[in-house]
Structure formats: structure tokens, C-alpha cells
Amino acid sequence: MTAVSLNAVEKSFGSAKVVKSINLSVNQGEFFSLLGPSGCGKTTTLRMIAGLETPTSGDIMIRGVRMNTVPINRRPTNLIFQKHALFPHLNVFENVAFGLKLKSMKRAVIERKVGEMLEVVSLSGFEKRSVNELSGGQQQRVAIARALVNEPAVLLLDEPLGALDLKLQLRLQRELRRIQRSTGITFIYVTHNQSEALTMSDRLAVMNDGRVEQVGTPAEIYLKSATSFVASFIGRTNLIEGVVEVEADTARMTDGPIIAVLDEVERFQNGERTLLSLRPERIAINPAQKMDNAIDATVAEVEFLGSTILYRMRIADGRLLFVQALADSNPYAEGASVQLGWNRDVAIFIRSTSIAE
Ligand code: ATP
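Rules and cut-offs
- Residues numbered from 1 in each chain as written.
- Predicted model: local features only at pLDDT ≥ 70, side-chain atom pairs only at ≥ 80, totals over all residues.
- Helix = DSSP H or I, 4+ residues; strand = E, 2+ residues; numbered from the N terminus.
- Buried ≥ 20, exposed ≤ 12 C-beta atoms within 10 Å, placed from the backbone.
- Contact = placed C-beta atoms within 7 Å.
- Domains from an automatic or database assignment.
- Nonpolar A, V, L, I, M, F, W, Y, C, P; charged D, E, K, R; others polar.
- Near = placed C-beta within 6 Å.
- Core = buried A, V, L, I, M, F, W, Y, C linked by C-beta atoms within 7 Å.
- Pairing = 2+ DSSP bridges.
- Axes fitted to C-alpha atoms, helices over the stretch in contact; angles between N-to-C directions.
- Parallel < 35°, antiparallel > 145°, perpendicular 65-115°, else oblique.
- Left-handed = near helix turned anticlockwise from the far one by under 90°.
- Expected span 1.5 Å × (residues − 1).

A. The overall build of the protein, seen in detail. When you go through the protein residue by residue, the secondary structure sums to 8 helices and 20 strands. The C-alpha extent of the protein, read off along each of the three principal axes, is 75 × 50 × 35 Å. Here the protein, with 357 residues, has 34% of them falling under the buried criterion. Residue pairs in contact within the protein that sit at least 24 positions apart in sequence constitute 64% of those at least 6 positions apart.

Here's what the structure looks like:
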């Protein structure tokens, strides 16, 4: 069942169109992320779902009901921001109970619901604490409990972990995922952090300049990037663009000194221009076995990343290729001559463009 759908939704501020005809469909119980660089329109999209902004055109539907003119407090949604607005004069229990009290629920029911929710966010026993005596991560968990206790159909989260340190971010990412699974509530999560979106989401939409470039599972987005923007925004990649030569049952593409043997030959036509994305971790350095593709290079830069090493390898035309290898106590040194290799099936086909274009 569809929880939220956006049909041709657009938003302009004055003459600036910041959301450009977005179509999206988020399933019930799904952890769905909107991922993209700063200013691409993620927050505006989320605010339109929440009811804080009105679309200039198009429809926003929640559980099949058109929401465009429904005020924020009548929507089955709750919103959590990076800067949680807890009530500083209330303790943890009272903060979480706030919305339930507004609904005039019985004391016993409120106590049960708040207790359950504090358990979900691992804050049982903190009921009487002032929220000022909590760490940033604990405060954010109170904000999450306060939003969830109202049992929204959809929880909207706008970079909720952005203000926390990296270690806490990683812990709360796992916790948020667990909370989402255990409650079954649909989460729509805005972030500009690729690894966060890839780890947490069932599916995500990658946005760029007010548009959705691709919707898919984390694996689809990473391994089958549909556009060069998606391929280079999600981690690093090498984009290879050249002219295809088909001969009998093999196809090759030439891009300067790179001669790439192509997979799925039937996809290509002689003379067409094609763009491929080749992930750095898919390229082998001095491979022991013969691979479909080989090219000579010189190590230009070595960057130690902990579990892996990122090399920048210079090829004959002076271009640099990213190559990522498992960390090794004896890495290749700058200036070393190496051979790079990859098999044809690891390059992601992005698009073909006719030569005339
Ligand atoms: P970030 O990750 O930096 O929050 P974002 O992808 O969430 O970025 P939005 O906040 O949706 O981007 O903003 C998209 C564009 O719309 C930006 O260029 C922003 O300056 C503009 N914008 C947002 N709100 C308004 C507003 N109320 N009035 C005018 N322009 C706005």
C-alpha cells in the first residue's frame, strides 16, 4: 500500500523553481530517504508533505487522500528537525506525554504509552530527568519518542542526526533503523549524507537541482546508477566516455588510452557514444590473473583511509583514475609503475548518446 505519493509536485519561491515536477511513491512501513546535495530541494519537499509549505502545483497524497489544503495539525504526520525543540522546563516524561495530554487521554493510558515509547528509544528510567541534563543524542531520542508516541502514519525527519558527533550519528542511525522496523511507521528521511542514506533506507530518491534523478534500493542506486550525477554523488567513481566499436561478438569503447571491453554486447551499436561508471574498488592493481581490461598507470597519490587505501593513478594522457584497495602495510609508493585491470561486467552502463547530439 502507498503511504505517500507526490504527483507532478512543483514549488517556486518567487521566480525560482526549487522543486521541479517530482513524482514519488513511498510504501507503507518503508524507510525512505531523500538524498541530495545542499539546496537541491529535499527540505522543501519534506515541508510540503508536512504541510509547512504549499505546492505551487501538483498533488500530495497521504494514504490516498489529497493533502494540499489540509492544515499541518490535521495531517497524519510528525516532523523531526536537526534542532529538536524540546520544552526545556518539562522533564523527559512530560515532554513525551505532551501531545497525548492535548488529546485529553487518561493518565493511565498516557503512562503506558510514554513508558513503551521510552523503552523503544532506550530511555527507560529517565522519566524524571530534566531534558537540560541530557546529552545531545539523548535529547534527540526524546524528540523521536515524542513524535512516535502520537502514532503518526508517517514520520518526517529532516537531517535529525546532523548536529551530533560522528560516533553518536552512527549509533543513532542503527537505533533509528531498529525503531522504524519495530514500530512499522513509514519514515521519510532527508539527508545529504550518502552513507547514511545507503545504510538506513529500504529505498531512496537521489535529488539534484529540484528533480529526482533516480529512485531505488541502496544496492540499485550504487551498483546500477542511472545517471552520471548519481554515480558520482554516491561514493566515488571513474566516468569513462567514448565511442563504441562493435566487431562480430565483441564491443570495445575507446576513451584516450583506455580501451574498455564492454559487457552485454547486444546493448551497443557501432559508432555510438557511451558513458560508463567504473567504481574505484572494482579496479585491481597488478592483478594475478588476466582480466578483460588492462591499462598501465603510475601511482600519483596515496591516501590511507583506515580499512582501505585510495590511490589516484595517472594514465598515459595525464588523467587520474581512482582505485581503492584493501589497506596493506606495504602500499604501492608514489611514482610506482603498475598495471590496472578490471573485468567487463563491473563497469556500470550509464547511457548512450548519439554522435550527432
Ligand atoms: P540543505 O541540505 O542545505 O537543507 P535542501 O536540499 O534541503 O538543502 P531546500 O532547503 O529545500 O534544499 O532549498 C532548496 C532551494 O530553495 C534553495 O535554493 C533555497 O535557498 C530555496 N528556498 C528554500 N526555502 C525558501 C524560502 N522560504 N524562500 C525562498 N527560497 C527558499
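B. Fine view of the domain arrangement of the protein. Parsing the protein into structural domains produces domain 1 (2–233) and domain 2 (238–353). The C-alpha-based centres of domain 1 and domain 2 are spaced at 39 Å. Listed by partner, the interface residues are 7 residues for domain 1 and 5 residues for domain 2. In terms of residue count, helix 8 (residues 228–233) provides more of the side of domain 1 that touches domain 2 than any other element does, 3 residues in total. A per-class count over the side of domain 1 that touches domain 2 returns 2 nonpolar, 4 polar and 1 charged.

C. Seen up close, the site of the ligand. Taken together, Phe13, Val18, Gly36, Ser38, Gly39, Cys40, Gly41, Lys42, Thr43, Thr44 and His192 make up the full set of residues adjacent to the ligand. The leading source of residues in the shell around the ligand is helix 1 (residues 42–50), at 3 residues. In the shell around the ligand, the residues fall into 3 nonpolar, 7 polar and 1 charged.

D. Molecular detail of the nonpolar core. Counting residues in hydrophobic clusters, the biggest one holds 86 residues, and the most contacted among them are Val96, Ala145, Leu155 and Ile188. Per-element accounting of this core gives the leading share, 6 residues, to helix 4 (residues 136–148). Mapped onto the domain boundaries, this core takes at least three residues apiece from domain 1 (2–233) and domain 2 (238–353). In this view, Val96 contacts Val114, Met117, Leu118, Val142, Ala145, Arg146 and Val149; residues no more than four positions away in its chain are not counted.

E. Spotlight on the sheet that holds strand 1 (residues 2–13). One open sheet accounts for 4 strands, arranged 2-1-4-5; its pairing is antiparallel. Each of the sheet's edge strands pairs with one partner strand only, and the pair in question is strand 2 (16–27) and strand 5 (65–66). Where strand 4 (residues 57–62) lies against strand 5, 2 bridges are found, and the strand directions are antiparallel. Bridge pairing links Met61 to Arg66 in strand 5.

F. Looking closely at helix 1. Among all positions of helix 1, only Lys42, Thr44, Thr45, Leu46, Met48 and Ile49 are buried. Note on helix 1: the residue one or two positions beyond its end, Gly51, has a positive phi of about 100°.

G. Quick look at the packing of helix 2 (residues 92–102) against helix 3 (residues 107–120). Where helix 2 contacts helix 3, the two axes come as close as 10 Å, and the packing angle between them is 130°. As summarised for this structure, helix 2 and helix 3 are arranged oblique, according to the angle between their axes. The crossing of helix 2 and helix 3 is right-handed. Touching Phe93, Val96, Ala97, Leu100 and Lys101 of helix 2 are Ile110, Lys113, Val114, Met117 and Leu118, all from helix 3. The residue makeup of the contact of helix 2 with helix 3, split by class, is 8 nonpolar, no polar and 2 charged.

H. Structural detail: the sheet that holds strand 16 (residues 293–304). Taken together, 5 strands build an open sheet; the order of strands is 15-19-16-17-18 and the sheet is antiparallel. On the outer flanks of this sheet lie strand 15 (284–285) and strand 18 (320–326), each paired with one strand and no other. The pairing of strand 15 with strand 19 (residues 337–342) spans 2 bridges and is antiparallel. Considered in strand 19, the bridge of Ala284 is made with Gly341.

I. Geometry of unusual backbone geometry. Although it is not a glycine, Glu159 adopts a positive phi angle of roughly 45°. Considering the arrangement of structural elements, one finds Glu159 in the loop between strand 7 (154–158) and helix 5 (166–183). Classification of Glu159 as partly exposed rests on a count of 19 C-beta atoms within 10 Å. Despite not being glycine, Asn286 shows a phi value in the positive range, around 45°. Residue Asn286 is classed as exposed on the basis of its 11 C-beta neighbours within 10 Å.

J. Representation of the environment of Glu303 within the structure. Position of Glu303 relative to the elements: it lies in strand 16. Given 12 C-beta atoms within a 10 Å radius, Glu303 is considered exposed. Along the backbone, Glu303 and Asn132 are 171 residues apart, and their C-alpha atoms lie at a distance of 42 Å. Once residues within four sequence positions are removed from consideration, Glu303 is found in contact with Ile309 and Leu310.

K. Examining the pairing of strand 10 (residues 211–216) more closely. Relative to strand 10, strand 9 (residues 203–208) runs antiparallel, the two being bridged by 5 bridges. Residue pairing in the sheet places Asn208 in a bridge with Arg211 of strand 10.

L. Broad picture of helix 3. With 14 residues, helix 3 extends 20 Å between its outermost C-alpha atoms, agreeing within 8% with the 20 Å of an ideal straight helix rising 1.5 Å per residue. Among the structural elements, helix 2 and helix 4 are those in contact with the buried residues of helix 3.

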